[in-house]
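As a plain string of letters, each chain reads:
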Protein chains: 2
Amino acid sequence: MDGRRARGERRRQAILEATLRVIERDGVSGVSHRSVAREAGVPTTSTTYYFASLDDLLIATLTWSADKLADDISGLIVKLVDAPDSGVGEITQRLADLVGVHRGRTMAEYELYLLAARRPELKSAARRWLDLITEAARPYNTDPVAFRGFLAALDGLLMQGLIADEPPSVSDLEPVVSYLIRPQEHLDRLRGGTMGA
Amino acid sequence: MDGRRARGERRRQAILEATLRVIERDGVSGVSHRSVAREAGVPTTSTTYYFASLDDLLIATLTWSADKLADDISGLIVKLVDAPDSGVGEITQRLADLVGVHRGRTMAEYELYLLAARRPELKSAARRWLDLITEAARPYNTDPVAFRGFLAALDGLLMQGLIADEPPSVSDLEPVVSYLIRPQEHLDRLRGGTMGA
DNA sequence: GAACTTGTGGGACACTCGTTCCAGTAGTTG
DNA sequence: CAACTACTGGAACGAGTGTCCCACAAGTTC
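Residues numbered from 1 in each chain as written. Chains lettered and ligands numbered in written order. Predicted model: local features only at pLDDT ≥ 70, side-chain atom pairs only at ≥ 80, totals over all residues. Heavy atoms only, no water.

Section: the protein's contact with DNA strand C
Put simply, the rule reads: A cutoff of 4 Å decides nearness: a residue is near a molecule or strand if any of its heavy atoms lies inside that distance of it. For this analysis, a polar contact is any N or O atom pair within 3.5 Å, provided that within protein one partner can donate a hydrogen and the other can accept it, and provided that sequence-adjacent residues contribute only side-chain to side-chain pairs. Helix and strand assignments come from DSSP, with helices taken as H or I runs of at least 4 residues and strands as E runs of at least 2, each series counted from the N terminus. Following the grouping adopted for this structure description, the nonpolar residues are Ala, Val, Leu, Ile, Met, Phe, Trp, Tyr, Cys and Pro, the charged ones are Asp, Glu, Lys and Arg, and the polar ones are all others, Gly among them.
Not every one of the 21 residues close to DNA strand C is listed here, only the nearest: R34 and L54 of chain A together with R4, T45 and Y49 of chain B. Near the protein, within 4 Å, the atoms of DNA strand C are sugar or phosphate in 55% of cases. Here a phosphate oxygen of DNA strand C and a side-chain polar atom of S32 of chain A are 3.3 Å apart. Residue R34 of chain B places a side-chain N or O atom 3.4 Å away from a base nitrogen belonging to DNA strand C. If you list the elements that add at least two residues to the surface near DNA strand C, you get α1 (3-26), α2 (33-40) and α3 (44-50) of chain A together with α1 (3-26) and α3 (44-50) of chain B. Among the residues forming the surface near DNA strand C, the class breakdown is 6 nonpolar, 7 polar and 8 charged.

Describing the domain arrangement of chain A
Residue and element names in this part refer to chain A. Which entries qualify depends on this criterion: As annotated, the domain borders come from an automatic or database domain assignment. Here the quantity called buried area is the total loss of accessible area, with a 1.4 Å probe, experienced by two parts when brought into contact, counted for both. For salt bridges, the criterion is a side-chain nitrogen of Lys or Arg within 4 Å of an Asp or Glu carboxyl oxygen.
Per the domain assignment, the segments of chain A are domain 1 (1-51) and domain 2 (54-190). Using C-alpha coordinates to define each centre, domain 1 is positioned 28 Å away from domain 2. When domain 1 packs against domain 2, the two sides together hide about 1,400 Å² of surface, and 80% of this comes from carbon and sulfur. Inspection of the region where domain 1 meets domain 2 yields 0 salt bridges. Taken together, the links from domain 1 to domain 2 amount to 1 residue pair in polar contact (both at pLDDT 80 or more). When contributions to the side of domain 1 that touches domain 2 are tallied by element, the ones reaching two or more residues are α1 and α2.

A short note on the interface of chain A and chain B
Note the cut-off: Residue contacts follow a heavy-atom distance rule, with two residues in contact if any of their heavy atoms lie within 4.5 Å.
Of the residues lining the interface, 58 residues belong to chain A; the matching set on chain B comes to 58 residues. Interface area, chain A with chain B, both sides summed: about 5,200 Å², of which 64% is carbon and sulfur. The tally of links between chain A and chain B comes to 4 salt bridges. Its salt-bridge partner being D165 of chain B, residue R127 of chain A comes within 3.4 Å of it at the nearest N-O pair. Applying the counting rule to chain A against chain B returns 24 residue pairs in polar contact (both at pLDDT 80 or more).

A closer look at the protein's contact with DNA strand D
Taken together, 21 residues sit near DNA strand D, with R4, T45 and Y50 of chain A together with G3 and R34 of chain B positioned nearest. At the protein interface, 56% of the atoms of DNA strand D within 4 Å belong to sugar or phosphate. Residue R5 of chain A places a side-chain N or O atom 3.1 Å away from a phosphate oxygen belonging to DNA strand D. Between a phosphate oxygen of DNA strand D and a main-chain N or O atom of G3 of chain B, the distance comes to 2.8 Å.

Here we look at the UniProt feature "domain: HTH tetR-type" (unreviewed entry) in chain A
The condition is simple: UniProt positions are given in the numbering used here, feature names are shortened, and annotations may be inferred rather than shown by experiment.
Listed under "domain: HTH tetR-type" (unreviewed entry) in the UniProt record, and renumbered for this structure, are residues 9-69 of chain A. Split by type, residues 9-69 of chain A is 80% helix and 0% strand. Its first and last C-alpha atoms lie 21 Å apart.

Topic: the packing of helix α8 (residues 128-137) of chain A against helix α9 (residues 144-162) of chain A
Residues and elements named next belong to chain A. Convention followed: Helix axes are fitted only over the stretch in contact, all axes being lines through C-alpha atoms; the angle between N-to-C directions runs from 0 to 180 degrees. Whether a crossing is left-handed or right-handed is set by the direction in which the near helix is turned from the far one by less than a right angle, anticlockwise for left-handed and clockwise for right-handed.
At a minimum axis distance of 12 Å, the contact between α8 and α9 shows a crossing angle of 145°. Where α8 crosses over α9, the handedness of that crossing is right-handed. Residues W129, L130, I133, T134 and A137 of α8 lie in contact with α9, whose contacting residues are F147, L151 and D155. Its residues placed into classes, the contact of α8 with α9 shows 6 nonpolar, 1 polar and 1 charged.

A few points about the relation of the copies chain A and chain B
Which entries qualify depends on this criterion: Least-squares superposition aligns the copies on the C-alpha atoms of those residues with pLDDT at or above 70 in both.
Rotating chain A by 180° and moving it 0.0 Å along the rotation axis overlays it on chain B with an RMSD of 0.1 Å. What the superposition gives is, in effect, a two-fold axis relating one chain to the other. In terms of proximity to the rotation axis, the leading residue of chain A is A153 of chain A, whose C-alpha is 1.8 Å off the axis. Both copies present the same face, since 100% of the interface residues in chain A are matched by interface residues at the equivalent positions in chain B.

Written out as structure tokens, the structure reads:
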């Protein structure tokens, strides 16, 4: 075991983490070799030593971050599919956190989305959490159409939560999430049948 | 009437349009005084003459673009609320266009979203189409919760459409849109009741 | 016509950027 | 110890940046 390589790996990781912090704070446009190096407390050349180009650094950071998030989410989803009733509350709470406490993190995630729209090599990383959730839900025989609508709505609620004057609270989100997960009960309550739109 | 001012106003508008083209092509990060000037075919100093700073230029472009889109959309929505049946097809077609032919435009719109998440002065512009649609739907007494879910899902379908390997087609989108607009009929068809997730 | 306002556009300054070069250090292997 | 490898970090180059300055042209008003 080479001690040099071990320390190098640690520094590489520190650079990734610093990059994510910069993205959360200033957005992708705030990322430069120098800004990341400053954030990580390393000389400018370190960032070029470990990542051939700025693009490499960005891609490495965003895929790593997406992986982290996907792992983070998968447990939640299993719980939701298993026990929808308690799941609604947990999903709602998580959404509120994502547009509140972890706002910066969520913005970073959507910067990845947008970057992926222009760079094919990032697409699979951006879709990571979607794929993971879809996979987790497959054995439960969920209605695929409703499920796709549900996932789309999650993304929309987050994006719209980011541009609200203040982050939506749990009680703001709860009705919508509950409707999305158990639409039938909501519709029964209305005795309507269609949403009219 | 001052001929100088009129020509100036036209040039200002040309700069806005050039900026939007640059954003559609290269993203917000591709916008600089020089790149916009080149695109518009005007000298570099024109862009600083009409817009005090690059930030002003960006904000002016994005609010103008958002207004244009909102106007564009409002007609569609009225039709949808009036006649849901034919509306499904039109909405679906429009969505397919937005992730297909008008992909660049849609990406520009979501760059605005993300920028707005970091700059309060852009928030109202970013929410413009949401507000407009909500307003248009109000007199029809639409169930607000389902409607919010619907709008969120639209955003999500677009974003997810942007990061798909190939843009979703009309037939990909139709079932989901149809479900979102008339969930009861979809659920009846399943004879299930809940989506199970 | 002269005095003015409005728009034009070339040039330049100070700065940040990505990236490369390269001499030096610390750790590993023989 | 010597040869080698992995990493460090200062310095610099060329390119692009935002923004300001200023001489000038064109249109308007008196």
